[in-house]
Amino acid sequence: TTLRDPMQAGLSAAGQGGDGSLIVKGIVYSEDRPSAVVGSQIVHQGDKILGTAVVKINKNNVEFEMDGKKWTQEVQR
């Protein structure tokens, strides 16, 4: 029997959950260059991941925009 990694459940692409949402796994905040871990990628403000723009990285969440829609996501726990 092959065991699956429960930490990878539902990932269909780097950073994407099974429902198409991006998964914020961590934030490293600094005033001059904040960064976030989305799926398995490190992103910065202005980057794009899976066609979605990283608008702003805050201390506790990341703001995204795609097709004119904006939303905020906190780190997945």
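Being a predicted model, the structure only gives us computed values, none of them experimental.

Quick notes on the rules
Residues numbered from 1 in each chain as written. Predicted model: local features only at pLDDT ≥ 70, side-chain atom pairs only at ≥ 80, totals over all residues. Heavy atoms only, no water. Helix = DSSP H or I, 4+ residues; strand = E, 2+ residues; numbered from the N terminus. Buried < 20%, exposed > 50% of the residue type's maximum accessible area, 1.4 Å probe, protein only. Contact = heavy atoms within 4.5 Å. Areas by Shrake-Rupley, 256 points an atom, 1.4 Å probe, with all protein chains shown as cover. Pairing = 2+ DSSP bridges. Axes fitted to C-alpha atoms, helices over the stretch in contact; angles between N-to-C directions. Core = buried A, V, L, I, M, F, W, Y, C linked by side-chain atoms within 4.5 Å. Polar contact = N/O pair within 3.5 Å; in protein donor to acceptor, adjacent residues only side chain to side chain.

Moving on: the overall build of the chain. Across its full length, the chain carries 0 helices and 7 strands. For the chain, the sequential pattern of α-helices and β-strands runs β-β-β-β-β-β-β. In the chain, which comprises 77 residues, the proportion classed as buried is 30%. Looking at the chain alone, contacts between residues at least 24 apart form 30% of all its contacts between residues at least 6 apart. Summed over its atoms, the accessible surface of the chain is roughly 5,400 Å², and 47% of this surface lies on carbon and sulfur atoms.

With that settled, the discussion passes to the sheet that holds strand β2 (residues 35-38). Pairing between sheet strands relies on hydrogen bonds along the backbone, with the strands arranged either parallel or antiparallel. If you walk across this open sheet you meet the 3 strands as β1-β2-β3, and the pairing is antiparallel. On the outer flanks of this sheet lie β1 (24-28) and β3 (41-44), each paired with one strand and no other. Averaged over all pairs of adjacent strands, the angle between their axes in this sheet comes to 25°, without regard to strand direction. Relative to β2, β1 is paired through 4 bridges, and the arrangement is antiparallel. Looking at the pairing, I27 lines up with A36 of β2.

To continue, consider the nonpolar core. Residues L22, V24, A36, V38, V43, I49, V54, I57, V62 and F64 constitute the largest nonpolar core, which totals 10 residues. Every element with two or more residues in this core is listed here: β2, β5 (52-57) and β6 (61-66).

Right, let's get into the environment of Q76. Of note, Q76 is situated in the segment after β7 (69-74). On the basis of relative accessible area, Q76 is assigned to the exposed category, the value being 51%. Here the alpha-carbon distance between Q76 and G26, two residues 50 residues apart in the chain, equals 7.8 Å.

Attention shifts here to the side chain of N61. The topology assignment puts N61 in strand β6. A polar contact of 2.7 Å, which involves the side chain of N61, links it to the side chain of N58. If we skip the residues at most four places from it in the chain, N61 touches I27, K56, T72, Q73 and E74.

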